[in-house]
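Structural characterization, general
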Amino acid sequence: MLEFANAKINIGLHIVGKRADGYHDLESIFYPVKVYDAIEIFPSEEYSMQVYNFDFPVGEDNLCSKAYHLLAHDFDLPLVKINLLKGIPVGAGLGGGSSDASHVLLMLNKQFNLHLNTQQLETYAAQLGADCPFFIRNKPVYATGIGTTFSDLDLDLSDKRLLIVKPPIHISTAEAYKSVAIRTGQVDLRQAIQLPIQEWKFHVRNDFEEGLFRAYPEIERLKAAFYDSGAVYAAMSGSGSAVFGIFDELPDLKELQKLGHVFSA
Ligand SMILES: C[C@](O)(CO)[C@H](O)COP(=O)(O)OP(=O)(O)OC[C@H]1O[C@@H](n2ccc(N)nc2=O)[C@H](O)[C@@H]1O
Ligand SMILES: Nc1ncnc2c1ncn2[C@@H]1O[C@H](COP(=O)(O)OP(=O)(O)OP(=O)(O)O)[C@@H](O)[C@H]1O
């Protein structure tokens, strides 16, 4: 079985509290985007996994392996070979690894007739990472809690052009959370996105930007370059380092291309 695992962007991200377990409560809008990894799973004589197009360990730490072993613990799964072709940049705030994990759960459920429903799959996904459950639903949602409680959202950007630029900076999510400031009393994102998109820049913010822009001024310059290129809204996604921009029309890519790898999403 071959499937494509898509990325996500966060449209607004408010960090509203810190919990006793060290995780943070947040408020965000998760939006699926058309940047993909490819995952192939097939029965094999031994379990193995191979990653193409990216250089990181493929051992038990890979989220695809973790997803397989999580289900293999509870179900009588055959041994499989997993091939992963990375297209989603890593350390970008685009949730690539999380999407891979959840797509492995979805694929194993389908391929081996496990009959798990969405709720059950989301519960398994939550054991693999805070971003994982979103990719089970994989449609625009308003997320709260640690990013795993969802309500559906009517947001459709399909008549816009969406560009994402990944600068040559890798940001660890855990590190980003260590220095993020908690802010309460912020605008409700569900209301903010009802405004015309041109006004989002005054109301829809990502709380990771302040600290990370200080540490990496290149990311702030990248966001400014999106506005210079005509974006109606631009922001860093998640804990960075990728920045996305929403355009009415496809802009001249020259300046953006100087600052990182450009993805049309
Ligand atoms: C920044 C976002 O991408 C926004 O969607 C996510 O909150 C990150 O989710 P993720 O990468 O799946 O995070 P996990 O793999 O579960 O956790 C990585 C680390 O990030 C921190 N973390 C993550 C999620 C959260 N709500 N609060 C946190 O403090 C924790 O220190 C954790 O050790
Ligand atoms: N299948 C995978 N794809 C990418 N990274 C993986 C995978 N499995 C494990 N990892 C580890 O997870 C780390 C973060 O990867 P990921 O691409 O999900 O981060 P991110 O872009 O910061 O996303 P997020 O929005 O979840 O913070 C990588 O540095 C890598 O060590």
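Note that residues are indexed from 1 along each chain, following the sequence as it is written. The order in which chains are written sets their letters, starting at A; the order in which ligands are written sets their numbers, starting at 1. Owing to the predicted nature of the model, reporting of local features is limited to residues with pLDDT of at least 70; listing and counting of side-chain atom pairs is limited to 80 or more, with chain, interface and lining totals taken over all residues. Hydrogens and water are ignored here; the side-chain numbers use all heavy atoms of the structure.

1. Description of the domain arrangement of the chain
Domain annotation for the chain reports domain 1 (2-152) and domain 2 (161-264). At the junction of the two partners, domain 1 supplies 27 residues and domain 2 supplies 35 residues. For this analysis, a salt bridge means a side-chain nitrogen from Lys or Arg found within 4 Å of a carboxyl oxygen belonging to Asp or Glu. Run the count over domain 1 and domain 2 and you get 0 salt bridges. Any pair of nitrogen or oxygen atoms within 3.5 Å is treated as a polar contact; in protein, a donor-acceptor pairing is required on top of that, and neighbouring residues in sequence qualify only through side-chain atoms on both sides. Seen at the junction of domain 1 and domain 2, the total is 13 residue pairs in polar contact (both at pLDDT 80 or more). Of all the secondary-structure elements, those providing two or more residues to the side of domain 1 that touches domain 2 are β1 (2-18) and β2 (24-43). Secondary structure elements follow DSSP: runs of H or I of four or more residues count as helices, runs of E of two or more count as strands, with numbering from the N terminus. At 11 residues, the largest contribution of residues to the side of domain 1 that touches domain 2 is made by β1. Taken together, the residues of the side of domain 1 that touches domain 2 sort by class into 14 nonpolar, 9 polar and 4 charged. For the domain bounds, the source is a domain assignment made automatically or taken from a database. Contact between two residues is taken to exist if any of their heavy atoms lie within 4.5 Å; hydrogens are not considered. Ten residues, namely Ala, Val, Leu, Ile, Met, Phe, Trp, Tyr, Cys and Pro, are considered nonpolar, four, namely Asp, Glu, Lys and Arg, are considered charged, and the remaining ones, Gly among them, are considered polar.

2. Quick look at the site of ligand 1
If even one non-hydrogen atom of a residue comes within 4 Å of a molecule or strand, that residue is called near it. Near ligand 1 lie 17 residues; those nearest to it are His24, Ala130, Asp131, Ile146 and Tyr177. Separating an oxygen atom of ligand 1 from a side-chain N or O atom of Asn10 is a distance of 3.2 Å. For ligand 1, whose accessible area on its own is 640 Å², the fraction buried by protein is 81%. Here the shell around ligand 1 is built from residues that sort into 8 nonpolar, 7 polar and 2 charged. Here the shell around ligand 1 spans two domains, and each of domain 1 (2-152) and domain 2 (161-264) adds at least three residues to it. In this description, accessible areas are obtained by the Shrake-Rupley approach with a 1.4 Å probe, and a residue is regarded as covered only by the protein chains that are shown.

3. Considerations on the pattern of salt bridges
Applying the stated criterion to the full structure yields 19 salt bridges. The salt bridge involving Lys86 is made with Asp100; its shortest N-O contact spans 3.1 Å. Of this pair, Lys86 sits in the loop between β4 (80-85) and α2 (96-111) while Asp100 sits in helix α2, and the two are 14 residues apart along the sequence. A relative accessible area of 5% places Lys86 in the buried class. A salt bridge links Lys254 to Asp252; its shortest N-O distance comes to 3.3 Å. Given the relative accessible area of 53%, Lys254 is considered exposed. The network of salt bridges with common partners includes Arg183, Arg205, Asp207, Glu210 and Arg214. Think of it in three bands: residues with accessible area under 20% of the maximum for their type are buried, residues over 50% are exposed, and the middle band is partly exposed, with areas taken using a 1.4 Å probe on protein chains only.

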